[in-house]
Protein chains: 2
Amino acid sequence: MEFGEYLRKRREELKREDPQFSVRRVAGRIGVEPSYLSKIERSLQPPPSEQTTRALAEVLDEDADFLLALAGKVSSDLAEIIRSRPRLFADLLRQLKDMPDHAVLRVVREVRDGEW
Amino acid sequence: MEFGEYLRKRREELKREDPQFSVRRVAGRIGVEPSYLSKIERSLQPPPSEQTTRALAEVLDEDADFLLALAGKVSSDLAEIIRSRPRLFADLLRQLKDMPDHAVLRVVREVRDGEW
DNA sequence: CATGATGTGTACTGTATACTACACACTACA
DNA sequence: TGTAGTGTGTAGTATACAGTACACATCATG
């Protein structure tokens, strides 16, 4: 699903329970013009900046990394991590690229549990 | 060290052994104007596009991921990997962010050697 | 039935990105 | 001494990014 399409679906869903989730109100809360948000939701504009996407994620109670991915972006803190040790993390990611989720999760878990 | 500074150092180093590595010749090989490359090397221009940075890496026999990192960028194939499973890889990277190289390398090695 | 809120269309803006084009002064060397 | 090559300065360009500003028609309701 596209970014705009997803956004509209999610916002409409929340709006059914709470009229606060109108285009205008949400636009107000994230600090952009209503017409701009409207266009984004209908894919007449490309996804907004990382900052605005993060604000949207917060308001719509969505995961920021997920929403940024839909927007075709990668969180700048992740980019920063990679840039700090590019060869190391590049190798790691290319290695894990096609591994099933559970295998990757195992790495996360083992590292977190300090088995190193 | 900055991108431009590094570039110049590396090119000059190669030039000492081979006059092919003049600003003009290198610019020609990577497909940009000499004055543009000159300005980049003196940090009068920001680092070039990913494509041009890759071409530079090839000509200067440098690691592309390393050079892209110096340029403040992340390889688009890595961004693509993250975007394919954003929450998974975001967790992974934030978890490994402060781990020493050898710990991460151990993961890379074990995955490569098929112990999964 | 007036009033407030809603979604959207049109037009425009400022800044950044990623360069090109060309002229110029200098150097090497045949 | 002229000619080929070198590095660099100035000026300009096309495209993308990230929006704003405002008017308009529609809808709901008190």
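Residues numbered from 1 in each chain as written. Chains lettered and ligands numbered in written order. Predicted model: local features only at pLDDT ≥ 70, side-chain atom pairs only at ≥ 80, totals over all residues. Heavy atoms only, no water.

1. Quick word on the interface of chain B and chain A
Applicable threshold: Here, two residues are considered to be in contact whenever any of their heavy atoms come within 4.5 Å of each other. Throughout, buried area stands for the accessible area (probe radius 1.4 Å) lost by two parts on being put together, summed over both. By definition here, a salt bridge exists when the distance from a side-chain nitrogen of Lys or Arg to a carboxyl oxygen of Asp or Glu is within 4 Å. Polar contact is the term for a pair of N or O atoms within 3.5 Å; when the atoms are in protein, one must be able to donate a hydrogen and the other to accept it, and sequence-neighboring residues count only if both atoms are side-chain atoms. Only DSSP runs of H or I covering at least 4 residues are called helices, and only runs of E covering at least 2 are called strands; the numbering of each starts at the N terminus. By the convention adopted, Pro, Cys, Tyr, Trp, Phe, Met, Ile, Leu, Val and Ala count as nonpolar, Lys, Arg, Asp and Glu as charged, and the other residues, Gly among them, as polar.
Counting residues at the interface gives 40 residues for chain B and 41 residues for chain A. For the pair chain B and chain A, the summed buried area comes to about 4000 Å², and 74% of that belongs to carbon and sulfur atoms. Counting across the interface, chain B meets chain A through six salt bridges. With a shortest N-O distance of 2.8 Å, Arg94 of chain B and Asp77 of chain A are connected by a salt bridge. Joining chain B to chain A, the criterion identifies 12 residue pairs in polar contact (both at pLDDT 80 or more). Elements with a minimum of two residues in the side of chain B that touches chain A: helix 5 (64-70), helix 6 (76-84), helix 7 (86-96) and helix 8 (101-112) of chain B. A breakdown of the residues in the side of chain B that touches chain A according to their chemical character gives 23 nonpolar, three polar and 14 charged.

2. Some remarks on the protein's contact with DNA strand C
Selection rule: Proximity is defined per residue: if any heavy atom of the residue lies within 4 Å of a molecule or strand, that residue is considered near it.
Taken together, 24 residues lie around DNA strand C, and Arg8, Val23, Arg24 and Arg42 of chain A together with Ser49 of chain B are the ones closest in. Of everything in DNA strand C that lies within 4 Å of the protein, sugar and phosphate atoms constitute 56%. Those elements giving two or more residues to the surface near DNA strand C turn out to be helix 1 (3-17), helix 2 (23-30) and helix 3 (34-41) of chain A together with helix 3 (34-41) of chain B. Class assignment for the residues of the surface near DNA strand C results in six nonpolar, eight polar and 10 charged.

3. What to know about the nonpolar core
What counts, and what does not: Definition of nonpolar core: a set of buried residues of the types Ala, Val, Leu, Ile, Met, Phe, Trp, Tyr and Cys, connected through side-chain atoms within 4.5 Å. Note on exposure labels: buried denotes an accessible area under 20% of the residue type's maximum, exposed denotes more than 50%, and partly exposed covers the range between, all computed with a 1.4 Å probe on protein chains only.
Among the nonpolar cores identified, the biggest contains 30 residues, and Phe89 and Leu92 of chain A together with Leu92 of chain B are the most heavily contacted of them. Sorting the residues of this core by element identifies helix 6 (76-84), helix 7 (86-96) and helix 8 (101-112) of chain A together with helix 6, helix 7 and helix 8 of chain B as the ones contributing at least two each. The contact partners of Phe89 of chain A, leaving out residues within four places of it in the chain, are Ile81, Ile82 and Ser84 of chain A together with Leu93, Leu96, Lys97 and Val104 of chain B.

4. Description of the domain arrangement of chain A
So the rule is basically this: In this entry, domain limits derive from an automatic or database-based domain assignment.
The domains assigned to chain A are domain 1 (3-70) and domain 2 (85-112). The centre of domain 1 of chain A, based on its C-alpha atoms, is set 31 Å off from the matching centre of domain 2 of chain A.

5. With respect to the packing of helix 6 of chain B against helix 7 of chain B
All names here are of chain B. Let me state the cut-off plainly: Note on method: axes are straight lines fitted to C-alpha atoms, helices fitted across the in-contact stretch only, with angles between N-to-C directions ranging 0 to 180 degrees. Roughly parallel means an angle under 35 degrees; roughly antiparallel means over 145; roughly perpendicular covers 65 to 115; every other angle is labelled oblique.
Where helix 6 meets helix 7, the closest approach of the two axes is 5 Å, and the angle between their N-to-C directions is 115 degrees. One element, helix 6, and the other, helix 7, form an angle in the roughly perpendicular class. From helix 6, Ile81, Ile82, Arg83 and Ser84 reach across to helix 7, where they touch Pro86, Phe89 and Leu93. Its residues placed into classes, the contact of helix 6 with helix 7 shows five nonpolar, one polar and one charged.

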